[in-house]
Amino acid sequence: MGAERMHPPRYWRMRAEEFRTKADNCEYPETRDVLRKVAENYDELARRAALISTLESLDQLGGGARQQQAGLIVQDKPA
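What counts, and where the lines are drawn
- Residues numbered from 1 in each chain as written.
- Predicted model: local features only at pLDDT ≥ 70, side-chain atom pairs only at ≥ 80, totals over all residues.
- Heavy atoms only, no water.
- Helix = DSSP H or I, 4+ residues; strand = E, 2+ residues; numbered from the N terminus.
- Expected span 1.5 Å × (residues − 1).
- Buried < 20%, exposed > 50% of the residue type's maximum accessible area, 1.4 Å probe, protein only.
- Arc of directions from axis to C-beta.

**Q** Tell me about helix H2 (residues 29-62), and name the residues and values.
**A** In an α-helix, one turn spans 3.6 residues, which is why side chains three or four residues apart end up on the same side. Compared with the 50 Å implied by 1.5 Å per residue over 34 residues, the 50 Å span of H2 between its first and last C-alpha is a close match. Of the residues making up H2, those classed as buried are Leu35, Ala39, Tyr42, Leu45, Ala46, Ala49, Ile52 and Leu58.

Below you can see the structure in the form of structure tokens.
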């Protein structure tokens, strides 16, 4: 299980904002850059958590067929 499954997207967005605020208040350029990178990583976790939530909702509505209709599942090409 990935970290993005542990919390809802809102949690990860709040963490990203927290680290952006820390970066804005940091006087050391290298540390500021690292804090901004951490915020970007939290934004990515939020994006993935939102996608997982969407896929789970579609699955509950009608299974894989709805996900496929929505274009969210990529079919493997036959060998």
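**Q** Can you break down helix H1 (residues 9-24) residue by residue, with the values?
**A** Look at H1: 23 Å from first C-alpha to last across 16 residues, which is about the 22 Å you get at 1.5 Å a residue. Burial in H1 covers these residues: Pro9, Trp12, Ala16, Phe19 and Ala23. In an axial view of H1, the angular spread of the buried residues amounts to 90 degrees, which keeps them on one side of the axis. The exposed set on the far side of H1, more than 90 degrees from its buried face, consists of Arg10 and Asp24.

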